[in-house]
Amino acid sequence: MFFNKKAQEEKPEVVILSTDVYACLDNTCNGWMRKDFVSVDLKCPLCGSDTTLEVRDLPEILM
Ligand SMILES: [Zn+2]
């Protein structure tokens, strides 16, 4: 009846949330940033290109 209890305890709690992010428009760049941590000018933190708002499923940040 409780055979699954041990596995559940060992499994880390990771909550996946649909998160607003700004992704780089440069196809050769993988830069993106969470909406909560965007740069002031909304430029890509890696290459400085423009970014576009999109939604990604990301692990919740525990602060
Ligand atoms: Zn970029």
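Further up the page is the structure itself.
Residues numbered from 1 in each chain as written. Predicted model: local features only at pLDDT ≥ 70, side-chain atom pairs only at ≥ 80, totals over all residues. Heavy atoms only, no water.

Enquirer: Describe in detail unusual backbone geometry, supporting the description with residues and values.
Expert: Here Leu-42, not a glycine, exhibits a phi torsion of approximately 60 degrees, which is positive. Tracing the chain through its elements places Leu-42 in the loop between β2 (32-34) and β3 (51-59). What makes Leu-42 partly exposed here is its relative accessible area of 32%. (Helix = DSSP H or I, 4+ residues; strand = E, 2+ residues; numbered from the N terminus. Buried < 20%, exposed > 50% of the residue type's maximum accessible area, 1.4 Å probe, protein only.)

Enquirer: Pulling in residues and values, what's your account of the side chain of Thr-51?
Expert: Mapped onto the elements of the fold, Thr-51 is located in strand β3. One polar contact links the side chain of Thr-51 to the main-chain carbonyl oxygen of Leu-42, over a distance of 2.6 Å. The contact partners of Thr-51, leaving out residues within four places of it in the chain, are Tyr-22, Ala-23, Cys-24, Leu-25, Met-33, Leu-42, Lys-43 and Cys-44. (Polar contact = N/O pair within 3.5 Å; in protein donor to acceptor, adjacent residues only side chain to side chain. Contact = heavy atoms within 4.5 Å.)

Enquirer: Can you tell me about the sheet that holds strand β1 (residues 16-24), naming the residues and giving the values?
Expert: Read across the sheet, 3 strands follow the order β2-β1-β3 without closing on themselves; strand pairing throughout is antiparallel. A strand with exactly one partner marks an edge of an open sheet, and here the two such strands are β2 and β3. Here the average twist between neighbouring strands, direction ignored, is 35 degrees. By the bridge criterion, 9 bridges tie β1 to β3 in an arrangement that is antiparallel. Following the sheet pairing, Ser-18 is matched in β3 by Asp-57. (Pairing = 2+ DSSP bridges. Axes fitted to C-alpha atoms, helices over the stretch in contact; angles between N-to-C directions.)

Enquirer: Please provide a residue-by-residue account of the pairing of β1, values included.
Expert: Across 3 bridges, β1 lies against β2 in antiparallel orientation. When the bridges of β2 are listed, Tyr-22 appears paired with Met-33.

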